[in-house]
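Fold and contact review
Residue strings, one per chain:
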Amino acid sequence: MTVVRCGLLLVLVTLGSVPVFFVAVVVQQLTGLFCLLMLAVMWNALAGYGGLVSVGQQAFIGFGAYATIFLTRAEVPPYLAVVLAALASAMLAALLAPLVLRLRGGRFAVGTWVLAEALALLVVLDQSLGGGTGVSLRGLNVYPPDTRRAYTYWLALAFLVVLLGAVVLLLRHRAGAALQAIRDDEEAAGSLGVRAFPLRFGLYVLAGFGCGAAGALILANTLFVEPRSIFGVQWTAYMIFMVLVGGIGTFEGPVLGALLFFGVQYLFADYDAWYLIGLGLTAGAFALFLPRGLWSLVQDRRIGYHPRAHA
């Protein structure tokens, strides 16, 4: 265990030193990768551990970004605004949870999407937030470009560590096992005294916090946001791709999926609609032919799993 902790500490120190030794484009791209990792981990927590297949997490991504804009205009320091926007996203999730958690299956998925579209429409109608044309985060102009990129990178890394730590604690706690029991059979879990709503409520709020933080950091990394993009359903496509390809319901799978998606995005993002269609077809193929994702290949090699022996 001590070796593992030392290894993790070494990784953190190495990642933390990136802005010191690498050029601006590397720092900015790695910040984007951290945001993708946060989104993948949060969607996996919802769907993989809690059985909550949401197609509306972009509601919190967009809310986190626009809450940052709103707070900086109220003279809140920009990086404090990012943290407060993540907390505000958690509060929004807490307010919406009693409504959306009443829904099940496809109705839950559609309900979360409708809420995201409603939030996007409210932002478009608010001209003080730029309406449909978008708005810039001018509060960060007080920092030199290299300093701004470094601060944004370090804050993204800190959020990622916090969210990964929260998931680890959840999996080690009885609540994690209870959530997975609810995911597999809610009625059977209820007959054993497991209360579904409080557990799913906490998970939904955690996911709202994480997605809100990612949205605020995406804004801080790019300095511009517009509703059609930040509230776009493409974020759900990205999250589903990363989790299904990496391995849903595992801790390591979404991390692997996010790394793979980051590379694919870098190479093929210029193909626009065909790029999204390709992501969807790839995720569908994994769901059909490798439902446990790429991480299952690593697990099977570790335990010497042979499909024919288990046929």
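Residues numbered from 1 in each chain as written. Predicted model: local features only at pLDDT ≥ 70, side-chain atom pairs only at ≥ 80, totals over all residues. Heavy atoms only, no water.

A short note on the overall build of the protein chain
When helices and strands are tallied, the protein chain shows 15 helices and 2 strands. In terms of overall dimensions, the protein chain is globule-like: its C-alpha atoms have a radius of gyration of 20 Å, near the 19 Å expected for 311 residues. Expressed as lengths along the three principal axes of its C-alpha atoms, the size of the protein chain is roughly 60 × 45 × 40 Å. Of all 311 residues assigned to the protein chain, the portion counted as buried reaches 46%. (Helix = DSSP H or I, 4+ residues; strand = E, 2+ residues; numbered from the N terminus. Rg over C-alpha atoms; globule rule 2.2 N^0.38 Å. Buried < 20%, exposed > 50% of the residue type's maximum accessible area, 1.4 Å probe, protein only.)

A short note on the packing of helix 4 (residues 58-73) against helix 10 (residues 196-222)
Relative to each other, helix 4 and helix 10 sit at 55°, their axes nearing to 6 Å. The orientation of helix 4 relative to helix 10 falls into the category oblique. Our pair here, helix 4 against helix 10, has a crossing hand that is right-handed. Contacts from F60, I61, G64, A65, T68 and I69 in helix 4 reach Y204, G208, C211, G212, G215, A216, I218 and L219 in helix 10. (Axes fitted to C-alpha atoms, helices over the stretch in contact; angles between N-to-C directions. Parallel < 35°, antiparallel > 145°, perpendicular 65-115°, else oblique. Left-handed = near helix turned anticlockwise from the far one by under 90°. Contact = heavy atoms within 4.5 Å.)

Considering helix 6 (residues 105-125)
Here helix 6 is 21 residues long and its end C-alpha atoms lie 31 Å apart, about the 30 Å a rise of 1.5 Å per residue gives. Within helix 6, the full set of buried residues consists of F108, A109, G111, T112, L115, A116, L119, A120 and V123. The elements touched by buried residues of helix 6 are helix 4, helix 5 (78-100), helix 10 and helix 11 (227-230). (Expected span 1.5 Å × (residues − 1).)

Overview of a nonpolar patch on the surface
A surface patch of nonpolar side chains, amounting to about 900 Å² of accessible area, comprises Y266, L267, F268, Y271, W274, I277 and L281. Listed by contribution, the elements that provide at least two residues to the nonpolar patch are helix 13 (252-268) and helix 14 (273-289). Looking at the element boundaries, I277 is found in helix 14. (Patch = residues over 30% accessible without salt bridge, like charges linked within 9 Å, V, L, I, M, F, W, Y side chains within 5 Å. Areas by Shrake-Rupley, 256 points an atom, 1.4 Å probe, with all protein chains shown as cover. Salt bridge = Lys/Arg side-chain N within 4 Å of Asp/Glu carboxyl O.)

Regarding the nonpolar core
Core analysis: the largest hydrophobic core is formed by 89 residues, its most contacted members being F159, Y204 and I230. Sequence-distant contacts of Y204, defined by excluding residues within four places in its chain, comprise L46, Q57, F60, A93, L96, A97, V100, F108 and T112. (Core = buried A, V, L, I, M, F, W, Y, C linked by side-chain atoms within 4.5 Å.)

Brief notes about the side chain of T152
Within the fold, T152 resides in helix 7 (residues 145-172). Taking relative accessible area as the criterion, T152 reaches 1% and is therefore assigned buried. In this structure the side chain of T152 is engaged in a polar contact, spanning 2.8 Å, whose partner is the side chain of Y79. Contact partners of T152, with chain neighbours within four places excluded, come to T31, Y79, L217, A220 and N221. (Polar contact = N/O pair within 3.5 Å; in protein donor to acceptor, adjacent residues only side chain to side chain.)

Considering the packing of aromatic side chains
Tallied over the full model, the rule gives 13 aromatic pairs. Arranged with centres 5.9 Å apart and planes meeting at 85°, the rings of Y79 and Y151 form a pair that is edge-to-face. In this pair, Y79 is assigned in helix 5 and Y151 in helix 7, connecting sequence segments 72 residues apart. Y151 sits in the partly exposed class, given a relative accessible area of 37%. Centre to centre, the rings of F197 and F201 are 5.9 Å apart; their planes meet at 40°, and the pair counts as tilted. (Phe/Tyr/Trp six-rings, centres within 6.5 Å; stacked < 30°, edge-to-face > 60°.)

Section: the packing of helix 4 against helix 5
Running from N to C, helix 4 and helix 5 point in directions that differ by 135°, and their axes come no closer than 8 Å. Regarding the angle of helix 4 to helix 5, the classification is oblique. Helix 5 is crossed by helix 4, and the crossing has right-handed handedness. In this structure, helix 4 contributes F60, F63, G64, A67, T68, L71 and T72 to the contact, and helix 5 contributes P78, A81, V82, L84, A85, A88, S89, L92, A93 and L96. Partitioned by chemical class, the residues of the contact of helix 4 with helix 5 number 13 nonpolar, 4 polar and no charged. (Nonpolar A, V, L, I, M, F, W, Y, C, P; charged D, E, K, R; others polar.)

Considering the side chain of T31
As for its position among the elements, T31 is in helix 3 (residues 24-50). For T31, a relative accessible area of 0% gives the class buried. Excluding its chain neighbours within four sequence positions, the residues that come into contact with T31 are T152, Y153, A156 and N221.

Re the environment of G215
Looking at the element boundaries, G215 is found in helix 10. Between the C-alpha atoms of G215 and G190, which are 25 residues apart in sequence, the distance is 35 Å. Aside from chain neighbours lying at most four places away, what touches G215 is I61, G64 and A65.

Here we look at the confidence of the model for the protein chain
For the protein chain, per-residue confidence averages 88 on the pLDDT scale, and residues scoring 70 or more make up 95% of the total. Confidence drops under pLDDT 50 across residues 307-311; counting only partners more than four residues distant or on other chains, this segment forms 1 contact. (pLDDT = per-residue confidence, 0-100.)

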